[in-house]
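Chain by chain, the residues run as shown.
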Amino acid sequence: MSSPASRPVPPAAANLLNLRGAVDLSSLKRPAAPSGTAPSGTAPSATSPSGPPAGVAQEGQPGAVAGGPELKVNVTEANFQQLVELSAQVPVVFALWASYSPESGRMVETLDRIVASYGGRLVLGAADIEAFPQLAQAFQVQAVPTAVAVLKGQPVPLFQGSAEEQQVRSLFDELLKVAAANGVTGSLDAGGAAEQEPAPLPPLHQAAYDAIEAGDYAAAAEAYRQALKEMPSDHEAKAGLAQVELMDRLQSVSAQDSEALRTLAANEPDNLEAQLGVADLDVAGGHVEDALNRLVAFIGRNFGPDRETARVRLLELFEVVGAGDGRVAKARQALARVLF
C-alpha cells in the first residue's frame with residue numbers, strides 16, 4: 001500500500017448508500033477478545049508516530065466501546081462489530097492509517113477535531129491496518145490514509161490521502177443528509193449513550209424507505225412517484241426516485257455483465273443502451289465525471305429519440321449526484337453547449 005497525495009472520493013457514493021453488496025463486512029465479525037488481551041493498534045499523532053491522537057479512546061480504557069461508544073475510538077477486531085451495529089444509530093467514520101504513512105497522524109487528528117464539532121452526530125474509529133489488515137481488505141483500501149464511513153452497516157467511501165477541513169466538513173454534511181434520509185438520526189451524549197432523535201418521515205417517503213429495505217425498488221419508485229404527484233416540488237422525492245431507479249437497473253448486473261457492457265460501449269460509442277449502462281455503473285462506482293461526460297458526449301454526437309433518451313437519463317443522474325455538486329454544474333454547462 002502506498003500513501004499518495006490527496007485523492008477525494010466523490011460524495012455521490014453516499015447517495016448510493018442503499019446499493020447492497022458493495023462490501024461484505026460480515027466476515028469481519030469477531031468474538032470479544034479475552035480479558036487482558038492487548039489492543040491491536042494505537043492511532044498515531046501528527047507529532048508522535050507511536051502515540052495516540054488526543055482524545056481517541058483506546059480499548060480497555062475509559063471511553064472505549066466496551067463501556068459505551070465514545071465519539072473517538074481505536075478500532076480492533078473485538079470492537080469492530082459493535083461500531084458497525086452503532087452505524088444504525090449514527091454514522092461511523094473509519095480512519096484507516098498505518099505507521100509507515102506520515103499523513104496518517106495528521107488525518108486522524110483532523111478527523112478527530114472535526115467529528116467532535118458535530119456534537120455526537122458522528123463517531124470516529126481509528127483503524128491500524130497493519131494490526132487489522134482484514135479491515136483494509138474488506139473496505140478495498142488501496143492506500144493509506146483513507147476515510148470510509150459506515151451507515152446502517154453499508155460502507156461509503158469518503159476520501160483517500162489528506163484533505164482540507166472544509167472539504168471534509170462538506171463530505172460529512174452530505175453524509176448526515178443521507179443518514180437522515182435513511183432514518184439514521186441518532187446522536188451520542190457525552191457519556192456515549194445513543195439518543196435517537198424523533199424524525200418521522202412523510203408517509204410516502206416512509207413507504208419508499210420500507211420498500212428499499214425489503215429490496216422492492218419498484219414499490220419504492222411508485223411511492224416516490226405518488227409523493228411527486230401530491231407535491232411536484234418535493235425535491236427529496238425526486239432525488240429518491242432517481243436513486244431507486246438506478247438501484248433497480250443495477251441490482252441484476254453481475255461483474256461479468258459489467259465487463260461485457262464496458263467492452264460494448266468502448267467498441268460502439270453510439271450504442272445508446274451500452275452508454276447508458278456504463279454511465280450507471282460509473283455513478284455507482286463513484287466515477288461521477290466519467291459518467292456525466294460520457295452522456296454529454298453521446299448527446300453531442302446523436303440526434304432524434306436516442307439523444308432525448310440520453311438527455312433525460314443525464315438529468316436523472318444529476319438528481320442522484322445532487323444538484324449542488326460542482327460536477328453537476330459543470331456537466332449542465334457542457335450539456336447546454338451541445339444542445340444549443
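Residues numbered from 1 in each chain as written. Predicted model: local features only at pLDDT ≥ 70, side-chain atom pairs only at ≥ 80, totals over all residues. Heavy atoms only, no water.

**Looking at the overall build of the protein**
Which entries qualify depends on this criterion: By definition, any uninterrupted DSSP run of H or I lasting at least four residues is a helix, any uninterrupted run of E lasting at least two residues is a strand, and each is numbered from the N terminus. Each residue is placed in one exposure class: buried if its accessible area under a 1.4 Å probe, protein chains only, is under 20% of its type's maximum, exposed if it is over 50%, and partly exposed if it falls in between. Contacts are assigned to residue pairs that have any heavy atoms within 4.5 Å of one another. Using a 1.4 Å probe, the Shrake-Rupley method yields the accessible areas, and only the shown protein chains count as cover for residues.
Secondary structure summary: the protein contains 13 helices and eight strands in total. Across the 340 residues in the protein, those meeting the buried criterion constitute 49%. Long-range contacts, defined as pairs at least 24 residues apart, comprise 67% of the intrachain contacts of the protein with a sequence gap of at least 6. Only carbon and sulfur atoms are counted for the fraction: they give 52% of the accessible area of the protein, which is about 15,400 Å².

**What about the packing of aromatic side chains?**
As a reminder of what qualifies: Between 30 and 60 degrees the pair is tilted, below 30 it is stacked and above 60 it is edge-to-face, where a pair is any two Phe, Tyr or Trp rings, Trp via its six-membered ring, whose centres lie within 6.5 Å.
On inspection of all chains with the given rule, the structure shows four aromatic pairs. Ring centres of F80 and F132 lie 5.9 Å apart, and the angle between their planes is 90°; on these two criteria the pair is classed as edge-to-face. With a gap of 52 residues between them, F80 in helix α2 (residues 80-86) and F132 in the loop between β4 (123-128) and α4 (133-138) connect regions that are remote in the sequence. Assigned by exposure class, F80 and F132 land together as buried. Between the aromatic rings of Y118 and F172, the centroid separation amounts to 6.0 Å while the plane-to-plane angle is 75°, which identifies the pairing as edge-to-face. With a gap of 54 residues between them, Y118 in the loop between α3 (102-116) and β4 and F172 in helix α5 (residues 165-181) connect regions that are remote in the sequence. Site record: aromatic cluster; members linked through ring pairs are F80, F94, F132 and F139.

**Description of the side chain of R307**
Note the threshold: In this charge count, Lys and Arg are treated as positive and Asp and Glu as negative; neither His nor the chain ends contribute. Salt bridge criterion: a side-chain nitrogen from Lys or Arg within 4 Å of a carboxyl oxygen from Asp or Glu.
Residue position: R307 is located in helix α12 (residues 305-321). One buried charge, R307, has no salt-bridge partner; the nearest side chain with opposite charge is E308, at 7.5 Å. Beyond its immediate sequence surroundings of up to four residues, R307 is in contact with I299, N302, V338 and L339.

**Structural notes on the pattern of salt bridges**
For side chains bearing opposite charge, pairing can occur when the charged atoms are close. Applying the stated criterion across every chain yields a total of 14 salt bridges. Ionic pairing is found between R113 and E165, a salt bridge with its closest N-O pair at 3.1 Å. With R113 in helix α3 and E165 in helix α5, this residue pair connects regions lying 52 residues apart in the sequence. For R113, a relative accessible area of 46% gives the class partly exposed. Using a relative accessible area of 30% as the deciding quantity, one classes E165 as partly exposed. One salt-bridge network, in which partners are shared between bridges, spans R249, D280, R313 and E316.

**Thoughts on the packing of α12 against helix α13 (residues 326-339)**
Applied cut-off: Note on geometry: axes are lines fitted to C-alpha atoms, helical ones only across the stretch in contact, with angles between N-to-C directions running from 0 to 180 degrees. For classification purposes, angles smaller than 35 degrees are called roughly parallel, those larger than 145 roughly antiparallel, those between 65 and 115 roughly perpendicular, and all remaining angles oblique. Left-handed describes a crossing in which the near helix is turned anticlockwise from the far one by less than a right angle; the clockwise case is right-handed. Under the scheme applied here, ten amino acids are nonpolar (Ala, Val, Leu, Ile, Met, Phe, Trp, Tyr, Cys and Pro), four are charged (Asp, Glu, Lys and Arg), and all others, including Gly, are polar.
Where α12 contacts α13, the two axes come as close as 10 Å, and the packing angle between them is 165°. The angle between α12 and α13 places the two elements in the roughly antiparallel class. Crossing of α12 over α13 shows left-handed handedness. Touching R307, R311, L314, L315, F318 and V321 of α12 are R327, V328, A331, R332, L335, V338 and L339, all from α13. When the residues that make up the contact of α12 with α13 are grouped by side-chain class, the tally is nine nonpolar, no polar and four charged.

**Here's the deal with the environment of A274**
Relative to the helices and strands, A274 is located in helix α10 (residues 272-284). A274 sits twelve residues away from R262 along the chain, and the two C-alpha atoms are 7.4 Å apart. In contact with A274, other than residues within four places in its own chain, are L261, L264 and A265.

**As for the packing of α3 against α5**
Axes are the key here: two packed helices are described by the angle between their axes and the distance separating the axes. One way to put it is that α3 packs onto α5 with a least axis distance of 11 Å and a crossing angle of 50°. Here α5 runs oblique to α3, going by the angle between their axes. Of the two possible hands of crossing, α3 and α5 adopt the one that is right-handed. Residue-level inspection shows L111, R113, I114 and V115 of α3 in contact with α5, the latter providing E165, V168, R169 and F172. Residue composition of the contact of α3 with α5, grouped by class: five nonpolar, no polar and three charged.

**Brief notes about the pairing of β4**
We apply this condition: Should DSSP find at least two bridges between two strands, the strands are regarded as paired. Here, the term right-handed applies to a crossover whose path from the first strand over the helix to the second runs clockwise when the strands point away from the viewer.
Counting buried positions over the six residues of β4 gives six, a clear majority of the element. Because side chains alternate across β4, one face comprises the buried residues V123, G125 and A127, and the other comprises L124, A126 and D128, equally buried. Across four bridges, the pairing between strand β2 (residues 72-75) and β4 is parallel. Note on β4: the bridge partner recorded for N74 is A126. With six bridges joining them, strand β3 (residues 92-97) and β4 adopt parallel strand pairing. Among the inter-strand pairings, A95 is bridged to a residue of β4, identified as A126. What joins β3 to β4 is α3, and the crossover it makes is right-handed.

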